[in-house]
Amino acid sequence: MRPIEREIARQNWKGMVCGCGNSAEHLAEDLLRLAGRGPGREPGQVSFEEHVWSPAALWEPAPAVASVALAALTDEVTPAARGWFLSLLQRLVAGEGTDGASAGRGLDLPEICRDLAVQGLWLLYEEVMLNRSPGSAGTAFEILTMVELDRTRLQRAREIAADWLPVCCRTGHCDDDTVADGASGV
């Protein structure tokens, strides 16, 4: 069993409520399809909007999906699938709100997703440094700007990877100032 399949199997999808109002069970199949592990074995882009995230909030399955996205970075997935998982993770760590039911239980889903990304810092730095596919290094770097507290390490990575990072990452325009303020004690 591949890392992504193990991580999907580890989650209680049936016990989570999806943003669509149904059980999150269908997300397991969608994540497998995204990774190219579903029927046909070809990766296919899947929209998780209104299931896991929306412009206003994240829903209960968001942390489970973030864990699967990180597992995908350890797995052998196509460059396109890698980019899709990174984009999905980026949306989750950039989330600003939590659905009402989860908030009522005291959950801060964006914060949980950012904490999960912190556990995978080394995966994100590897994506930046290996520059495996167009856009992936930039997306991974943008995620790092939202979760990396060690701004010196982030700046050093920026300097090393400057030749293949997007302009916004090279110049610091994509940096999350709230993380930087928290790191400096401001």
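Above this text sits the structure in question.
Structural notes, computed from the coordinates. (Residues numbered from 1 in each chain as written. Predicted model: local features only at pLDDT ≥ 70, side-chain atom pairs only at ≥ 80, totals over all residues. Heavy atoms only, no water.)

**Here's the deal with helix α7 (residues 121-130)**
Rules: The cut-offs for exposure are 20% and 50% of the maximum accessible area for each residue type, with area from a 1.4 Å probe on protein chains only; residues under the lower value are buried, those over the upper are exposed, and the others partly exposed. Here a strand is any run of E in DSSP of at least two residues, a helix any run of H or I of at least four, and the numbering for each starts at the N terminus. Contacts: residue pairs with any heavy atoms within 4.5 Å of one another.
Of the positions making up α7, those classed as buried are L121, L123, L124, Y125, E127 and V128. Considering only its buried residues, α7 is in contact with α3 (62-74), α4 (79-93), α6 (109-119), α8 (136-147) and α9 (151-161). One or two steps after α7, the chain reaches N131, where phi turns positive at roughly 45°.

**Things to note about a nonpolar patch on the surface**
Which entries qualify depends on this criterion: Residues enter a patch when their relative accessible area is above 30% and they make no salt bridge; the linking distance is 9 Å between like charges and 5 Å between nonpolar side chains (Val, Leu, Ile, Met, Phe, Trp, Tyr). Per-residue accessibility takes into account occlusion by the displayed protein chains alone, with areas from the Shrake-Rupley method and a 1.4 Å probe. The salt bridge criterion pairs a side-chain nitrogen of Lys or Arg with a carboxyl oxygen of Asp or Glu, the two atoms within 4 Å.
The grouping of M129, I160 and W164 at the surface amounts to a nonpolar patch, some 240 Å² of accessible area in total. Locating M129 in the fold gives a position in helix α7.

**Some thoughts on α9**
Condition: Directions are taken from the helix axis to each C-beta atom, and the arc is the one they span. In the analysis that follows, any N or O atom pair within 3.5 Å is treated as a polar contact, provided that within protein one partner can donate a hydrogen and the other can accept it, and provided that, for residues neighboring in sequence, both atoms belong to side chains.
Along α9, the positions that sit buried rather than exposed are R151, L154, A157, R158 and A161. Along α9, the residues classed as buried sweep out an arc of 120° about the axis, all on the same side. If you check the start of α9, you find a side-chain oxygen 3.2 Å away from the backbone N of T152, and it comes from D150.

**Some thoughts on unusual backbone geometry**
With a phi close to 70°, E50 is a non-glycine residue in the positive phi region. Mapped onto the fold, E50 is located in the loop between α2 (25-35) and α3. Positive phi values are uncommon outside glycine, yet N131 reaches one of about 45°. Mapping N131 onto the fold places it in the loop between α7 and α8. Looking at N131, the relative accessible area reads 31%, which means it is partly exposed.

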